[in-house]
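A structural walkthrough
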Amino acid sequence: MPGVELGALRGELTLPTEWEQIGKVEKLYLYPVKSLAHVEVEEMLVGEFAGSSGYLSDRRFMVTDAKGKFVTSRRYPNMSLIQPKVSRDTIELSYPGKSSVKI
């Protein structure tokens, strides 16, 4: 069944009648560009496909090579050091020791 974890199919699917607190959310992060650094947000909306906050949507963008294939930090770990800053009509990418790039 698409979108359903195998573990969920083996367990009880009904909602519990009592909830138990098992932790506390201390920080919220969005990753506007796949494999780049996170952006901390105070609050977010959680939609069917992604979280969002203001102009930020989780993994809305990705980096591609000259052939159009996506590139990730699995292959290039330093990508995770690139800090994205998203506004209404631009994305600014900053890397330590380098000039920023606006797209």
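Conventions used here
Throughout, a residue's number is its position along its own chain's written sequence, starting from 1. Reporting in this predicted model follows two pLDDT cut-offs: at least 70 for local features of residues, and 80 or more for side-chain atom pairs to be given and counted; totals over whole chains, interfaces and linings ignore these cut-offs and use all residues. Note that the side-chain values use all heavy atoms of the structure and ignore hydrogens as well as water. To qualify as a helix, a DSSP run of H or I must reach at least 4 residues; to qualify as a strand, a run of E must reach at least 2; elements of each kind are numbered from the N terminus. Buried residues are those whose accessible area, probed at 1.4 Å on protein chains only, stays under 20% of the maximum for their type, while exposed residues exceed 50% and partly exposed ones sit between those limits. Residue contacts are defined here by distance: any two heavy atoms, one from each residue, within 4.5 Å place the two residues in contact. Residue burial considers only the protein chains on display, and all accessible areas are found by Shrake-Rupley using a 1.4 Å probe. In this scheme, strands are said to pair when DSSP sees at least two bridges between them. Grouping buried Ala, Val, Leu, Ile, Met, Phe, Trp, Tyr and Cys residues that are joined through side-chain atoms within 4.5 Å yields what is termed a nonpolar core.

**Concerning the overall build of the protein**
Within the protein, the regular secondary structure consists of 1 helix and 10 strands. Walking the protein from its N terminus toward its C terminus, one meets helices and strands in the order α-β-β-β-β-β-β-β-β-β-β. Across the 103 residues in the protein, those meeting the buried criterion constitute 18%. For the protein, restricting intrachain contacts to residue pairs at least 6 apart in sequence, the fraction spanning at least 24 positions comes to 38%. In the form shown here, the protein has an accessible surface area of approximately 9,100 Å², with 53% of it arising from carbon and sulfur atoms.

**Let's talk about the sheet that holds strand 8 (residues 83–86)**
Spatially, 3 strands are ordered 8-9-10 in an open sheet, and the strand pairing comes out antiparallel. The two strands at the open ends of the sheet, each matched to only one other strand, are strand 8 and strand 10 (101–102). Relative to strand 10, strand 9 (residues 91–94) is paired through 2 bridges, and the arrangement is antiparallel. Of the residues in strand 10, the one forming a bridge with glutamate 92 is lysine 102.

**Here we look at the nonpolar core**
Core analysis: the biggest nonpolar cluster contains 6 residues, these being Leu30, Val39, Val41, Leu56, Val86 and Ile91. Contact partners of isoleucine 91, with chain neighbours within four places excluded, come to Phe61, Lys85, Val86, Val101, Lys102 and Ile103.

**Comments concerning the side chain of threonine 72**
Inspection of the secondary structure assignment puts threonine 72 in the loop between strand 7 (70–71) and strand 8. Other than its neighbours up to four places away in sequence, threonine 72 contacts Lys34, Ser35 and Met79.

**Section: the sheet that holds strand 3 (residues 45–46)**
Strand order in the open sheet formed by 3 strands is 3-4-5, and the pairing between neighbours is antiparallel. The outermost strands of the open sheet, each flanked by one partner alone, are strand 3 and strand 5 (56–57). Relative to strand 4 (residues 51–53), strand 3 runs antiparallel, the two being bridged by 2 bridges. Considered in strand 4, the bridge of valine 46 is made with glycine 51.

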